[in-house]
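Now for the letters of each chain:
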Amino acid sequence: MRGECDGNKRMTILWGVKKTGDGSSYIRGRGGNYDQKLILMNDIPVYNPSHLLGFFSVFNPDMVSKVSLYKGSVPARYESRASSVLDVKLSPRASSPFMAYGGIGILTSSLGVKGKVLDDKLTYTVGSRATYSDWVLNAVPDKDAKTSAANFWDFNSVIEYQVNSKNSVKGTFY
């Protein structure tokens, strides 16, 4: 059993970062609103960074390798953002030919594989996550809540082909 790791909620302990509500994974930095920051996943913009009414981050913690938060002086490569930039990098290169991982939590479970093929030129990482939080709604005495559904699943994949020592091609799928 494991708890749910949420990088967005961890950011709220940093100076200049505020959460937008209790239990929410939306954050805002440097006085701006949550929609004034740039959120990137492997250099791809993410417009809605949460699942299930803001309680869960879209970033699968098993896939995240590096998180950078820029507030105040944002580097020029991110263009003109008024508030902040959250840059999330997924999946480091695989170190073994094949590895499987997973976890079972109270609200979510995850499963993934990573590895290398073609003489270590092609690396892949595939991860999925799902929630089974409907049991929480069934515990609520309200009749409408018991007939409601609140769940999600997501799938991430990163594939990288090393063309030569200086060039590679990388694909990210969400």
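Residues numbered from 1 in each chain as written. Predicted model: local features only at pLDDT ≥ 70, side-chain atom pairs only at ≥ 80, totals over all residues. Heavy atoms only, no water.

Peer 1: Help me understand the overall build of the protein chain, please; the structure alone is not making it clear to me.
Peer 2: For the protein chain, the count of helices and strands is three helices and 13 strands. By sequence separation, contacts in the protein chain at least 24 residues apart represent 51% of the contacts at least 6 residues apart. (Helix = DSSP H or I, 4+ residues; strand = E, 2+ residues; numbered from the N terminus. Contact = heavy atoms within 4.5 Å.)

Peer 1: Just checking my understanding: could you explain the pairing of strand 3 (residues 38-41) for this structure?
Peer 2: Walk down a regular strand and you will see the side chains alternate between the two sheet faces. Where burial is concerned, the two faces of strand 3 agree: the one with Leu38 and Leu40 and the one with Ile39 and Met41 are both buried. Strand direction decides the pairing type here: strand 3 and strand 8 (residues 84-90), joined by four bridges, are parallel. By the bridge assignment, Ile39 is partnered in strand 8 with Leu86. Alignment of strand 3 against strand 4 (residues 44-45), held across two bridges, turns out to be antiparallel. Note on strand 4: the bridge partner recorded for Leu40 is Pro45. Hairpin connection, strand 3 to strand 4: the antiparallel pair is bridged by two residues, and Asn42 has positive phi, about 50°. (Buried < 20%, exposed > 50% of the residue type's maximum accessible area, 1.4 Å probe, protein only. Pairing = 2+ DSSP bridges.)

Peer 1: Got a minute to help me understand unusual backbone geometry in this structure?
Peer 2: Apart from glycine, the bulk of residues carry a negative phi angle, and the bulk of peptide bonds sit in the trans form. The phi angle at Leu118 is positive, at roughly 55°, despite the residue not being glycine. Along the chain, the position of Leu118 falls in the loop between strand 10 (108-117) and strand 11 (122-131). Overall, Leu118 belongs to the exposed group, its relative accessible area being 55%. Non-glycine residue Asp119 carries a positive phi angle of around 55°.

Peer 1: What should I look at first to understand the pattern of salt bridges in this one?
Peer 2: Close approach of charged atoms allows side chains of opposite charge to pair. Taken as a whole and judged by the stated rule, the model has four salt bridges. A salt bridge links Asp43 to Lys89; its shortest N-O distance comes to 2.9 Å. Highlighted residues: Asp43 in the loop between strand 3 and strand 4 and Lys89 in strand 8, separated in sequence by 46 residues. Judged by relative accessible area, Asp43 falls into the exposed class, the value being 54%. Classification of Lys89 by relative accessible area gives partly exposed; the value is 25%. (Salt bridge = Lys/Arg side-chain N within 4 Å of Asp/Glu carboxyl O.)

Peer 1: Honestly, the sheet that holds strand 8 in this entry has me stumped. Any pointers?
Peer 2: Within a beta sheet, neighbouring strands are joined by backbone hydrogen bonds and run either parallel or antiparallel to one another. Spatial ordering of the open sheet is given by 4-3-8-7, a layout of four strands whose pairing is mixed. Looking along the sheet, the strands with just one partner apiece sit at the ends: strand 4 and strand 7 (64-71).

Peer 1: Would you mind showing me how to read the nonpolar core here?
Peer 2: Formed by Ile39, Met41, Val46, Val58, Phe59, Met63, Leu86, Val88, Leu90, Tyr101 and Val158, the largest nonpolar core amounts to 11 residues. Elements supplying a minimum of two residues to this core: strand 3 and strand 8. Excluding residues that lie within four positions of it along the chain, Val88 makes contacts with Leu40, Met41, Asn42, Phe59, Val64, Lys66 and Val67. Core analysis: the second largest hydrophobic core is formed by five residues, Leu38, Leu40, Val74 and Tyr78 among them. (Core = buried A, V, L, I, M, F, W, Y, C linked by side-chain atoms within 4.5 Å.)

Peer 1: I tried to follow a nonpolar patch on the surface on my own but got confused; where do I start?
Peer 2: Nonpolar side chains collect at one region of the surface, where Ile104, Ile106, Tyr132, Trp135 and Val136 lie side by side and expose about 490 Å² of accessible area between them. Overall, Ile106 belongs to the exposed group, its relative accessible area being 54%. (Patch = residues over 30% accessible without salt bridge, like charges linked within 9 Å, V, L, I, M, F, W, Y side chains within 5 Å. Areas by Shrake-Rupley, 256 points an atom, 1.4 Å probe, with all protein chains shown as cover.)

Peer 1: Looking at this structure, I do not really get the sheet that holds strand 12 (residues 153-162). What am I missing?
Peer 2: Taken together, the five strands give an open sheet; going across it, the order is 9-10-11-12-13, and neighbouring strands pair in antiparallel fashion. Edge strands, defined here as strands with exactly one partner in the open sheet, are strand 9 (98-104) and strand 13 (168-173). Within the sheet, the average angular offset between the axes of one strand and its neighbour, ignoring direction, is 5°. Two strands pair when backbone bridges link them, and strand 11 and strand 12 are joined in this way by nine bridges, in the antiparallel orientation. Bridging from a neighbouring strand, Leu122 pairs with Tyr161 of strand 12. (Axes fitted to C-alpha atoms, helices over the stretch in contact; angles between N-to-C directions.)

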